[in-house]
Amino acid sequence: MSRKENNEEEQFSFKCPSCDKGVITINTIDYDLPDGDKMLIINFTCDQCNYRKNDVIPMTTRMEPGIMTLKIEDESDLKSKIYRSPTGKLEIPELELIVEPGPRADFYYTNVQGILFRFEEAVLIYKNNLEKNDSEFDEVEEILNDLQKAIEGELKFTLKITDSGGGSYIIPQNASHYTFEKLNNIETDKD
Ligand SMILES: [Zn+2]
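Residues numbered from 1 in each chain as written. Predicted model: local features only at pLDDT ≥ 70, side-chain atom pairs only at ≥ 80, totals over all residues.

Here helix α2 (residues 137-151) spans 21 Å end to end across 15 residues, near enough to the 21 Å set by a 1.5 Å rise per residue. Where α2 ends, the next residue or the one after it, Gly153, has phi of about 75°, a positive value. (Helix = DSSP H or I, 4+ residues; strand = E, 2+ residues; numbered from the N terminus. Expected span 1.5 Å × (residues − 1).)

With a phi close to 70°, Asp20 is a non-glycine residue in the positive phi region. By secondary structure assignment, the location of Asp20 is in the loop between β1 (14-15) and β2 (23-32). Phi is positive for Glu96, which is not a glycine, with a value near 55°. Of note, Glu96 is situated in the loop between β7 (88-92) and β8 (97-99).

Another aspect to go through is the packing of helix α1 (residues 112-128) against α2. Two elements in contact, α1 and α2, have axes whose closest approach is 10 Å; the angle formed by their N-to-C orientations is 160°. With respect to their mutual orientation, α1 and α2 come out roughly antiparallel. Viewed along their axes, α1 and α2 form a crossing whose handedness is left-handed. Contacts from Gln113, Leu116, Phe119, Glu120, Val123, Tyr126 and Lys127 in α1 reach Val140, Ile143, Leu144, Leu147, Ala150 and Ile151 in α2. By residue class, the composition of the contact of α1 with α2 is 10 nonpolar, 1 polar and 2 charged. (Axes fitted to C-alpha atoms, helices over the stretch in contact; angles between N-to-C directions. Parallel < 35°, antiparallel > 145°, perpendicular 65-115°, else oblique. Left-handed = near helix turned anticlockwise from the far one by under 90°. Contact = placed C-beta atoms within 7 Å. Nonpolar A, V, L, I, M, F, W, Y, C, P; charged D, E, K, R; others polar.)

In space, the 5 strands of this open sheet follow the order β8-β7-β10-β5-β12, with antiparallel pairing throughout. Both outer strands of the open sheet, β8 and β12 (178-182), are each paired with one neighbouring strand and no more. Pairwise comparison of adjacent strand axes, ignoring direction, gives a mean angle of 15° for this sheet. Both strand β5 (residues 66-72) and strand β10 (residues 157-163) contribute to a ladder of 7 bridges, which runs antiparallel. In the strand pairing of β10, Ile72 is matched with Phe157. (Pairing = 2+ DSSP bridges.)

Of the residues in the protein, 81% have a pLDDT of 70 or more, and the chain-wide mean is 81. Element-level pLDDT for the protein is lowest in strand β9 (residues 108-111), with a mean of 76, against a maximum mean of 96 in β5. The model gives residues 1-11 a pLDDT under 50, and that stretch makes 3 contacts with residues more than four places away or in other chains. (pLDDT = per-residue confidence, 0-100.)

Here the focus is the environment of Leu144. With respect to the secondary-structure elements, Leu144 resides in helix α2. With 25 residues separating them in the primary sequence, Leu144 and Phe119 have C-alpha atoms 9.3 Å apart. When neighbours within four sequence positions are excluded, Leu144 is seen to be in contact with Val123 and Lys127.

All right, on to α1 then. Along an α-helix, residues three or four apart share an orientation, since each turn contains 3.6 residues. Helix length check: α1, at 17 residues, gives a terminal C-alpha distance of 24 Å against a target of 24 Å (1.5 Å per residue), a fit within 8%. Buried within α1 are the following residues: Val112, Ile115, Leu116 and Phe119. For α1, the angular spread of buried residues about the axis comes to 95°, placing them on one side. Facing away from the buried side of α1 by over 90 degrees, the exposed positions are Glu121, Ile125 and Asn128. (Buried ≥ 20, exposed ≤ 12 C-beta atoms within 10 Å, placed from the backbone. Arc of directions from axis to C-beta.)

So, in structure tokens, the structure goes:
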């Protein structure tokens, strides 16, 4: 889905691109950001299969390229909203977790806990494919333990999004735990 401005209220529906049978329902949610800006979240769901997609249209916010850092220090921070655009790289260094940007990366809009659940799911799949005597096995177990603690709010960690294209957003529960550092030149950190 491309971003577009549309000020008119328009009712439209289209066929599901995934199953080609269902009809896509479109829901929109207005979000008021703590700094007074607004954004519109558009949610597409198929009534036949489990196709889902979210898109975000910034209403007033200039979503600039930059590095967003959120410190998770208590349980309430886990409820902070996270939106990662396809140009955003998401990292939790303490848990050795990285989501690389890319054209096939899902847009996603969730909260910190939602991200931890996704990570947990991915690590579990990875673990299930390892042999019991694999040297990585213990390390993976350890990551799962830490993830569990993080989900329960018993682990302090840092969530960082580096977005060279702009568009990612963090809505912190506690503004003093959040920092934004502007990226001036459009420079991708490929290493
Ligand atoms: Zn469908």
